[in-house]
Amino acid sequence: MARAFTPKVITANALIEGDVIYLTADDSWSRNLAEAELLTDEAHAQLRLLEAEQQAGEIVGAYLADATSGDTGPEPTHFREEFRRTGPSNYFHGKQADTARDSKAL
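Residues numbered from 1 in each chain as written. Predicted model: local features only at pLDDT ≥ 70, side-chain atom pairs only at ≥ 80, totals over all residues. Heavy atoms only, no water.

Residues V20 and Y22 line one face of strand β2 (residues 20-23) and the alternating positions I21 and L23 line the opposite face, and both faces are buried. If you look at the hairpin formed by strand β1 (residues 8-14) and β2, you'll find five residues sitting between the two strands, and G18 has a positive phi there, around 85 degrees. Between β2 and strand β3 (residues 29-30), which pair antiparallel in sequence order, lie five residues; one of them, D27, sits at a positive phi of approximately 65 degrees. (Buried < 20%, exposed > 50% of the residue type's maximum accessible area, 1.4 Å probe, protein only. Helix = DSSP H or I, 4+ residues; strand = E, 2+ residues; numbered from the N terminus. Pairing = 2+ DSSP bridges.)

Here it is, written out as structure tokens:
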């Protein structure tokens, strides 16, 4: 018996920078998961993935990632996607340094 479809977001890596990016409802790419389009229909999700894969000059490695609806937008349901969203955990750099710096400014 086939598993029921669960909500997804489309994620990839930016071709030049390598950053984790998410497809938004307006067909742009965002580095913020909360801005990603949450796909709740399997056929629509597959169509959006095909559209994303056509942007080979901009992105690489597009795939559907499980997500759930959160207070501020989609949230990951698997630790792999949480790790991709926040970056490496061995020391603060990149996204982690930006988050730490922003927290101190508050």
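Enumeration according to the criterion identifies one cavity of 30 Å³ or more in this entry. Estimated volume of the largest cavity: approximately 40 Å³. Going through the elements one at a time, β4 (59-70) and α2 (79-86) are the ones with two or more residues in the lining of the largest cavity. The element that contributes the greatest number of residues to the lining of the largest cavity is β4, accounting for three residues. (1 Å grid on protein atoms, 1.4 Å probe; cavity = no way out; pocket = protein on both sides within 12 Å on 5 of 7 lines; lining within 4 Å. Points joined across faces, edges and corners; volume = space filled by probe spheres on them.)

What follows is about the nonpolar core. Core analysis: the biggest nonpolar cluster contains 13 residues, and I10, W29 and A62 have the highest contact counts within it. Elements supplying a minimum of two residues to this core: β1, β2, α1 (42-53) and β4. With seven residues, the next largest nonpolar core counts V9, V20, Y22 and A36 among its residues. (Core = buried A, V, L, I, M, F, W, Y, C linked by side-chain atoms within 4.5 Å.)

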